[in-house]
Amino acid sequence: MSAPRPYQSYVYAYPHKTAYHPLDDRPALEALWEREPKDALSLYLHIPFCEVRCGFCNLFTRIGAPDELTGRYLDALDRQATAVRDALGDAAPVRFANAAFGGGTPTFLEAAELERLCDIAEKRMGADLSAIPLSVEASPSTATADRLAVLAGRGATRLSLGVQSFVDAEARAAVRPQRRADVEAALGRIRDARIPVLNIDLIYGIEGQTAASWRLSLDAVLAWRPEEVYLYPLYIRPLTGLGRHADSSACAERAWDEQRLRLYRQGRDHLLAHGYEQVSMRMFRRSDAPAQGPDGADDYACQTDGMIGLGYGARSYTSALHYSFDYAVDMREIRTIIDDYTATEDFTRAAHGRYVDEDEARRRHLLQSLLQAEGMPLEDYRLRFGTDPYGDFAAELDAFAAHGWLADGPSGRLRLSPEGLAHSDALGPALFSPGVRAAMAAYESR
């Protein structure tokens, strides 16, 4: 049996946002959350601004923020937070187990605006940022001392820096204008800020990248001894800068697949040899790194606990509905959408999303567990659903086993082999439901 292409889709959430659709019933948030457990929620605040747009980026983000747009965006975020917290009510305890600021680039905001962002999380939503893990994304040019001081002072436990490559020519090829000297200076400022966990993102598969240049970037990362490292395969998607000039021939795609797999294995093996443990296909953690949070605990379980997303590009998850706003990549669409968001007064209803039935809940649980290196305890699945994953997904798991993607080991845990982890971006999409596949295929990029 021939293996499918290894790089199909990065499954960071399921169902994927391109499977969402307008909700005709526009359910009230108060009704959606009324019977949901709210004692271990995740809080995500989305800032959709960047100083530049990288050639590979298909996130919901715009370049720059003219005419005090960041202030108007924070005003809308404040209104949304007020509406959402009211909808959560006080009949049952409301507690946040972790928080994250993402984007875009949250550190695009000035220091005083970052203070306000933290205030929205704390004073509007009730999240105690000093007592829970708080992760913040940043870019080298925006990781300034004053911004980092705000984040450190408000309890940030993790700072994720998008570097992608320490080779200037590769950064240019990825349409990410930066110099290694500026990246190194930013890393120095981050370490000076004493935020407990530093994560560095790298990308493999960039045009012109070789085993030698990839090793240079890996060694440059290791020189800083970050607590975490993410290795991302390059994807070239529609409407992105790189997507406009991509060679889509089958020969070019096969050669690129082979190159990315070689570089992935090289990067994985290099990090493992230097004291890192593999957490997932992308994530590696230094074996002596501190656990997140002041008490060393992060008690949020993505398979079962709810999520509150604030900001236009954020998603929220209840047990029955995943909801957000509409999605776009084209810059003209995004500018219009952000302007509409900043003018919105009523945030009390869900307008765009996808209902999750029990079959989709099973798929999501299996996906989000199996794609982690530690795998899935079978008993957790059985207790939650009253069924067995080998019965629910017999055809898929048989195919994974035939490809050598499942690890041998104790019967109490379903785990991927090293090759299974390497093929996570093929394995994940194989578990998508027919309905989600159809909705994603029908989605028109804009």
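Each value, and the rule that gives it
Residues numbered from 1 in each chain as written. Predicted model: local features only at pLDDT ≥ 70, side-chain atom pairs only at ≥ 80, totals over all residues. Heavy atoms only, no water. Buried < 20%, exposed > 50% of the residue type's maximum accessible area, 1.4 Å probe, protein only. Helix = DSSP H or I, 4+ residues; strand = E, 2+ residues; numbered from the N terminus. Pairing = 2+ DSSP bridges. Right-handed = clockwise from strand over helix to strand, strands pointing away. Contact = heavy atoms within 4.5 Å. Phe/Tyr/Trp six-rings, centres within 6.5 Å; stacked < 30°, edge-to-face > 60°. Lys NZ or Arg CZ within 6 Å of the ring centre and 35° of its normal. Core = buried A, V, L, I, M, F, W, Y, C linked by side-chain atoms within 4.5 Å. Salt bridge = Lys/Arg side-chain N within 4 Å of Asp/Glu carboxyl O. Expected span 1.5 Å × (residues − 1). Axes fitted to C-alpha atoms, helices over the stretch in contact; angles between N-to-C directions. Parallel < 35°, antiparallel > 145°, perpendicular 65-115°, else oblique. Left-handed = near helix turned anticlockwise from the far one by under 90°. Nonpolar A, V, L, I, M, F, W, Y, C, P; charged D, E, K, R; others polar.

Undergrad: I'm lost on the pairing of strand β9 (residues 228–233) in this one. Help?
TA: Residues in a regular strand point their side chains to alternate faces of the sheet. For β9, the buried fraction is high: six of the six residues fall into the buried class. Residues E228, Y230 and Y232 point to one face of β9 and V229, L231 and P233 to the other, with burial holding for every one of them. Summarising the sheet, strand β8 (residues 197–204) and β9 pair through six bridges and their orientation is parallel. Directly across from Y204, in β9, lies its bridge partner P233. A crossover links β8 with its parallel partner β9, the connecting element being helix α7 (residues 211–222), and its sense is right-handed. When β9 meets strand β11 (residues 283–286), the two strands line up antiparallel, connected through three bridges. By the bridge assignment, V229 is partnered in β11 with F284.

Undergrad: Explain the environment of R260 here, please?
TA: For R260, the location among the structural elements is in helix α8 (residues 250–273). Note on R260: relative accessible area 1%, which makes it buried. A C-alpha to C-alpha distance of 28 Å links R260 and H365, two positions 105 residues apart in sequence. Setting aside residues up to four positions removed in sequence, R260 forms contacts with R5, Y7, Y204, G205, P233 and L234.

Undergrad: Whenever I open this one, the packing of aromatic side chains confuses me. Can you help?
TA: Aromatic ring pairs: the centre-centre distance and the angle between the two ring planes describe each pair. Per the stated rule, a full pass over the model turns up 16 aromatic pairs. When the ring of Y204 is compared with that of Y264, the centres are 6.3 Å apart and the planes differ by 45 degrees; the resulting orientation is tilted. In this pair, Y204 is assigned in strand β8 and Y264 in helix α8, connecting sequence segments 60 residues apart. Since its relative accessible area comes to 0%, Y264 is described here as buried. With centroids separated by 5.6 Å and ring planes inclined at 20 degrees, the aromatic side chains of Y230 and Y232 adopt a geometry described as stacked. Each member of the pair, Y230 as well as Y232, is classed as buried. Site record: aromatic cluster; members linked through ring pairs are F49, Y73, F108, Y312, F325, Y341 and F347. Between R260 and the ring centre of Y235, over which it is positioned, the NZ or CZ distance is 5.8 Å. The side chain of R364 reaches across the aromatic face of Y317, ending 4.9 Å from its centre.

Undergrad: Sorry, what's going on with the side chain of T105 here?
TA: Relative to the helices and strands, T105 is located in the loop between β5 (96–103) and α3 (111–124). For T105, the contacting residues outside a window of four places in its chain are I47, F49, C50, E51, A138, S139 and T142.

Undergrad: Can you walk me through the nonpolar core in this structure?
TA: L43 and I308 are the most contacted members of the largest nonpolar core, which has 111 residues in total. Looking at this core, the element that brings in the most residues is helix α2 (residues 69–88), giving 10 residues. Apart from residues lying up to four places away in sequence, L43 is in contact with F96, N98, A99, A100, A121, M125, A127, I308 and L310. Membership of the second largest hydrophobic core comes to nine residues, among which are I203, I206, L234 and W256.

Undergrad: Help me out: how do you make sense of the pattern of salt bridges in this one?
TA: Opposite charge on two side chains permits pairing when their charged atoms draw close. Scanning the entire structure with this criterion turns up 28 salt bridges. Residue R154 is joined to D119 by a salt bridge in which the shortest nitrogen-to-oxygen separation is 2.9 Å. Here R154 is found in the loop between α4 (145–153) and β7 (158–164), whereas its partner D119 is found in helix α3, with 35 residues between them in sequence. The salt bridge partner of R179 is D182, with a shortest N-O separation of 3.1 Å. Residue R179 is classed as partly exposed on the basis of its relative accessible area of 48%. Relative accessible area serves as the criterion here: at 37%, D182 is assigned to the partly exposed category. Via salt bridges that share partners, E115, D119, E122, K123 and R154 belong to a single interconnected network.

Undergrad: Would you mind going over α2 with me for this structure?
TA: An α-helical turn contains 3.6 residues, so a residue and the one three or four places further along point in the same direction. A rise of 1.5 Å per residue sets the reference length of α2, with its 20 residues, at 28 Å; its end C-alpha atoms lie 28 Å apart and thus fit the reference within 8%. Among the 20 residues in α2, 14 count as buried, and that is most of the element. The first or second residue beyond α2 is G89, which carries a positive phi of 70 degrees.

Undergrad: Explain helix α9 (residues 331–343) here, please?
TA: In this model, α9 (13 residues) spans 19 Å end to end at C-alpha, consistent with the 18 Å of a helix rising 1.5 Å per residue. Along its buried surface, α9 packs onto β3 (49–50), β4 (62–63) and α2.

Undergrad: Is there a simple way to explain the packing of helix α10 (residues 358–370) against helix α11 (residues 378–385) in this structure?
TA: Helix packing geometry: the angle between the two helix axes and the distance between the axes. Relative orientation of the contacting elements α10 and α11 amounts to 165 degrees, with a least axis distance of 11 Å. Considering their axes alone, α10 and α11 lie roughly antiparallel with respect to each other. The handedness of the crossing between α10 and α11 comes out as right-handed. In contact with E358, A361, R362 and H365 of α10, α11 contributes Y381, R384 and F385. Classifying every residue of the contact of α10 with α11 gives three nonpolar, one polar and three charged.

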